[in-house]
Amino acid sequence: MTHAIRIHQVGGPEQLRWEAVDVGTPGAGQVRVRHTVCGLNYIDVYQRDGLYPAGELPAVLGMEAAGVVEALGEDVDGLAVGDRVAYPMCQGAYAEARLIAADKLVRLPQTISDRQAAAIMLKGLTAHYLLFRTYAVQPGDAILVYAAAGGVGSLLCQWAKHLGARVIGCVGSEAKADIARDNGCDHTILYRNEDIPSRVRELTDGEGVAVAYDSVGKDTFMASLDALRPFGVLASYGNASGKVEPFSPAILAPKGSLYVTRPTLATHIATRALLEEGVTRLFGAISDGKLHIQINQSYALADTAMAHRDLEARKTTGSTVLLAE
Ligand SMILES: NC(=O)c1ccc[n+]([C@@H]2O[C@H](COP(=O)([O-])OP(=O)(O)OC[C@H]3O[C@@H](n4cnc5c(N)ncnc54)[C@H](OP(=O)(O)O)[C@@H]3O)[C@@H](O)[C@H]2O)c1
């Protein structure tokens, strides 16, 4: 019998239930994947607590996993039973096995383990689009990265450093500041105590940063705007502290003709070409040694509720994986 983590209603971690499910057989264009390792991402919390829709209930949560193809539907090219695969951003990952559209899958090279893939597909592709598409970081740019010891933040800081940026990382504790420095941060801000815009001005000779990659949302939005240089970009890409309040674009003019964007990975992997471009760059950065994958927590898939509690309590660093076998 196959098991999955489902919610029957939105709410706290206690809503995550380990239940028997019927996976079925793959239809045209689909494959059945047996998961070995699933990823844990903050979006899973938003779906569990109702900030983002989770679809029809009961719903299997989870957006990312790695595993092995165990059955093919009709009209599937380029994949075979036994292939090692992974995927980002397809709800239904918290399961021992699932059906999924074949064109969402990426075959894994031998150099990347299932655990590594489940740790970096969604987070690493997010770091990729933020650094190369949302704002193309240039050598010498001062940039601001929130949750710099977290899942996306760890990869973002390491990659930005290799692009030649001067990286300022915001972190929630001294222990996380050490991790952020290991991730390549030139400076850290303990943003629960320190004033972000004034510290950024101090560190940038009054100029401000070229881009703020803000995953915290509600609590930091205005501070991020005030930390930007003229024509700077605020990439508001997450809501760990809650959704950003509505604001008037008029406030952007006196602060220096600023740009604000609210990007999502979904758009950045919406076509096969976009997905493959990101994956090629991501796997390349790993094999070139630019990115070190830090899997700092692992839980049995059945214990996903505990993983959610730790993620929301800001106890985790780097990536977290959920073991499905
Ligand atoms: N738009 C996209 O395409 C996209 C894709 C992937 C992820 N994201 C976003 O990126 C962010 C990071 O995701 P992740 O999975 O890698 O998580 P994570 O960064 O490992 O964990 C979240 C971190 O956010 C910080 N935080 C600040 N205020 C918080 C609060 N009130 N409650 C909980 N945490 C708070 C904490 O770090 P400190 O203690 O250092 O503050 C915490 O460790 C999330 O906001 C997520 O939604 C967006």
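All values reported here derive from a predicted model rather than from experimental measurement. (Residues numbered from 1 in each chain as written. Predicted model: local features only at pLDDT ≥ 70, side-chain atom pairs only at ≥ 80, totals over all residues. Heavy atoms only, no water.)

A.B. asks: Would you mind going over the domain arrangement of the protein chain with me for this structure?
C.D. replies: One frequent convention defines the size of an interface as the accessible area lost when the parts assemble. Domain parsing of the protein chain yields domain 1 (2-121 + 267-323) and domain 2 (139-262). Placing the centre of domain 1 and that of domain 2 at their C-alpha centroids yields a distance of 28 Å. Facing the 18 residues of domain 1 at the interface are 18 residues of domain 2. Summing the contributions of domain 1 and of domain 2, the shared interface buries around 1500 Å²; its carbon and sulfur component is 54%. Its largest share of buried area at the contact with domain 2, domain 1 owes to K290, L291 and R314, together 34% of the area lost on that side. Between the two partners, domain 1 and domain 2, sit zero salt bridges. Our count for the domain 1 to domain 2 interface comes out at nine residue pairs in polar contact (both at pLDDT 80 or more). Mapped onto the side of domain 1 that touches domain 2, the elements with two or more residues apiece are helix 1 (42-49) and helix 8 (272-287). Residue composition of the side of domain 1 that touches domain 2, grouped by class: eight nonpolar, seven polar and three charged. (Domains from an automatic or database assignment. Contact = heavy atoms within 4.5 Å. Buried area = accessible area lost by both parts, 1.4 Å probe. Salt bridge = Lys/Arg side-chain N within 4 Å of Asp/Glu carboxyl O. Polar contact = N/O pair within 3.5 Å; in protein donor to acceptor, adjacent residues only side chain to side chain. Helix = DSSP H or I, 4+ residues; strand = E, 2+ residues; numbered from the N terminus. Nonpolar A, V, L, I, M, F, W, Y, C, P; charged D, E, K, R; others polar.)

A.B. asks: For this particular structure, what's the right way to read the pattern of salt bridges?
C.D. replies: Oppositely charged side chains are able to pair whenever their charged atoms sit close together. Using the criterion set out here, one finds 20 salt bridges in the structure. Its salt-bridge partner being E70, residue R34 comes within 3.0 Å of it at the nearest N-O pair. Residue R34 is located in strand 3 (residues 30-39), and its partner E70 is located in strand 5 (residues 65-72); the two are separated by 36 residues in the primary sequence. Judged by relative accessible area, R34 falls into the partly exposed class, the value being 31%. In this structure, the salt-bridge partner of D288 is K290, at a minimum N-O distance of 3.9 Å. Judged by relative accessible area, which is 52%, D288 ranks as exposed. Counted as one network, the salt bridges with shared partners bring together R6, R17 and E19. (Buried < 20%, exposed > 50% of the residue type's maximum accessible area, 1.4 Å probe, protein only.)

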